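Given next are the chains, with one letter for each unit.
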Amino acid sequence: MRLVKILAVLLVVAALGLIGYAYLGDMEPQQQEMRQPVTLGGLG
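Residues numbered from 1 in each chain as written. Predicted model: local features only at pLDDT ≥ 70, side-chain atom pairs only at ≥ 80, totals over all residues. Heavy atoms only, no water.

### Digging into the overall build of the chain
Along its length, the chain carries one helix and zero strands. For the chain, the spread of C-alpha atoms along the principal axes amounts to about 80 × 20 × 10 Å. Residues counted as buried form 0% of the 44 residues belonging to the chain. For the chain, the exposed area adds up to about 5,100 Å²; of that, 64% sits on carbon and sulfur atoms. (Helix = DSSP H or I, 4+ residues; strand = E, 2+ residues; numbered from the N terminus. Buried < 20%, exposed > 50% of the residue type's maximum accessible area, 1.4 Å probe, protein only. Areas by Shrake-Rupley, 256 points an atom, 1.4 Å probe, with all protein chains shown as cover.)

Below you can see the structure in the form of structure tokens.
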């Protein structure tokens, strides 16, 4: 029974750590500008 309580506490701490990292961690995607030429056909 004591082992179950310890596992439950560890699970709660791990969940709180994951939530905290998701909100406070640097999880912004890297952005870069991409340019690609587009050929428009059938206009003439």
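Don't stop here, the text continues.
### A short note on a nonpolar patch on the surface
Residues Leu3, Ile6, Leu7 and Leu10 make up a contiguous nonpolar surface patch of roughly 410 Å² in combined accessible area. Looking at Leu3, the relative accessible area reads 58%, which means it is exposed. (Patch = residues over 30% accessible without salt bridge, like charges linked within 9 Å, V, L, I, M, F, W, Y side chains within 5 Å. Salt bridge = Lys/Arg side-chain N within 4 Å of Asp/Glu carboxyl O.)

### Some points on the environment of Pro29
Within the secondary structure, Pro29 is located in the segment after α1 (2-24). Of the residues examined, Pro29 reaches a relative accessible area of 63% and is grouped as exposed. For the pair formed by Pro29 and Leu10, sequence separation is 19 residues and the distance between their alpha carbons is 30 Å.

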